[in-house]
Amino acid sequence: MTQSESVINWQIINSLADDQESRTAIINSFIESFESDLVQFLKAKASNDQEQLLTVAHTIKGAASNFCKPFVVEQIQLIESKYKEGSFDNIDQDAEVIKEVVNRIIDEFKSKL
């Protein structure tokens, strides 16, 4: 995933809104949701709460699958799949991937406000 590569399928976002005000409200809602999810994931990591790590990874993947490009969803899905199998060996590395992906989504949304 290169820094200049778009992670969001803007056709989907634009199809959800009839006007700029609605589009802005949708984008702000997604930003707030992703910011909250990232905080929850990092708290679960800090407390080594494996069940919560899986839950939040699943939530992030689900939200991203609605409007992000497939390569973005695949990165999160790999982490979720590992957690479903009970493999929590690389939580620090997983957290870096989640942070990078979520921050890229948030940054791209903010760039369109």
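In this report, the structure presented in the accompanying data block is examined. All residue numbers refer to position in the chain's written sequence, counted from 1. Under the rules for a predicted model, residues below a pLDDT of 70 receive no local features and side-chain atom pairs below 80 are neither given nor counted, while totals for whole chains, interfaces and linings still include all residues. Hydrogens are left out, water is left out, and the side-chain values use all remaining heavy atoms of the structure.

What to know about the overall build of the chain
And then number 1: Secondary structure is summarised from DSSP: a helix means a run of H or I of at least four residues, a strand means a run of E of at least two, and numbering begins at the N terminus for each. Along its length, the chain carries five helices and zero strands.
And then number 2: Along its sequence from the N terminus, the chain presents helices and strands in the succession α-α-α-α-α.
And then number 3: In terms of principal-axis extent, the alpha carbons of the chain reach across some 45 × 25 × 20 Å.
And then number 4: Buried means the residue's accessible area, taken with a 1.4 Å probe over protein chains only, is under 20% of the maximum for its type, while exposed means over 50%, and partly exposed covers the values in between. Considering the chain as a whole, with its 113 residues, one finds that 37% of them fall into the buried category.
And then number 5: For the chain, restricting intrachain contacts to residue pairs at least 6 apart in sequence, the fraction spanning at least 24 positions comes to 69%.
And then number 6: Accessible surface area values rest on a Shrake-Rupley calculation with a 1.4 Å probe, where residue burial reflects the displayed protein chains alone. About 6400 Å² of surface is accessible on the chain, with carbon and sulfur atoms providing 45% of the total. Any two residues whose heavy atoms approach within 4.5 Å are treated as being in contact.

Describing the pattern of salt bridges
And then number 1: Any carboxyl oxygen of Asp or Glu within 4 Å of a side-chain nitrogen of Lys or Arg constitutes a salt bridge here. One pass over the full model with this rule turns up six salt bridges.
And then number 2: With a closest N to O distance of 3.6 Å, Glu80 and Lys84 form a salt bridge. Taken together, the residues Glu80 and Lys84, both in helix H4 (residues 70–84) and four residues apart, mark about one turn of the helix.
And then number 3: For the salt bridge of Lys99 with Glu96, the shortest nitrogen-to-oxygen distance reads 3.0 Å. Taken together, the residues span about one helical turn, with Lys99 and Glu96 both in helix H5 (residues 91–111) at a distance of three residues.
And then number 4: Each of Lys61, Glu80 and Lys84 takes part in a single network of salt bridges with overlapping partners.

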